[in-house]
Amino acid sequence: MTLPIRLIIGLGNPGPEYETTRHNAGFWLADHLADDLKARFTIEKAFSARGARARFGVDVVVLAKPTTFMNR
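Reference entry: report on the structure contained in this document. (Residues numbered from 1 in each chain as written. Predicted model: local features only at pLDDT ≥ 70, side-chain atom pairs only at ≥ 80, totals over all residues. Heavy atoms only, no water.)

**A word on the pairing of strand β4 (residues 59-66)**
Here is step 1 of the chain: Most of β4 is tucked away: eight of the eight residues are buried.
Here is step 2 of the chain: Alternating positions in β4 separate into two faces, Asp59, Val61, Leu63 and Lys65 on one and Val60, Val62, Ala64 and Pro66 on the other, with burial throughout.
Here is step 3 of the chain: With five bridges joining them, strand β1 (residues 5-9) and β4 adopt parallel strand pairing. Opposite Ile5, over in β4, you have Val60 as the bridge partner. (Buried < 20%, exposed > 50% of the residue type's maximum accessible area, 1.4 Å probe, protein only. Helix = DSSP H or I, 4+ residues; strand = E, 2+ residues; numbered from the N terminus. Pairing = 2+ DSSP bridges.)

So, in structure tokens, the structure goes:
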């Protein structure tokens, strides 16, 4: 039996000028979930994102934070 993969994409804009703005609420959520699940983000060049994998119960959870701007 294959376990389902859950994907959570936190939207935001890269760069320090957006770090504390409301436009990065999705990044904040992804960061908090990663902390709770003890997951670490790494660069995923093939997907233009920073990604983290973790277990939540028996499920695999994939967190992603795109490295591109939302409005482009």
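**Description of the sheet that holds β1**
Think of a sheet as strands paired side by side through backbone hydrogen bonds, with each pair either parallel or antiparallel.
Here is step 1 of the chain: In space, the four strands of this open sheet follow the order β1-β4-β3-β2, with mixed pairing throughout. Because the sheet does not close on itself, it has two edges, and the strands there are β1 and β2 (42-44). Here the strands of the sheet are splayed against their neighbours by 35° on average, with no regard to which way each runs. (Axes fitted to C-alpha atoms, helices over the stretch in contact; angles between N-to-C directions.)

**Overview of unusual backbone geometry**
Here is step 1 of the chain: A positive phi angle is found at Lys38, which is not glycine, with a value near 55°.
Here is step 2 of the chain: Within the secondary structure, Lys38 sits in the loop between α1 (25-37) and β2.
Here is step 3 of the chain: Overall, Lys38 belongs to the exposed group, its relative accessible area being 74%.
Here is step 4 of the chain: The phi dihedral of Ser48 falls on the positive side, at around 50°, and the residue is not glycine.
Here is step 5 of the chain: Residue class for Ser48 comes out partly exposed when judged on its relative accessible area of 37%.

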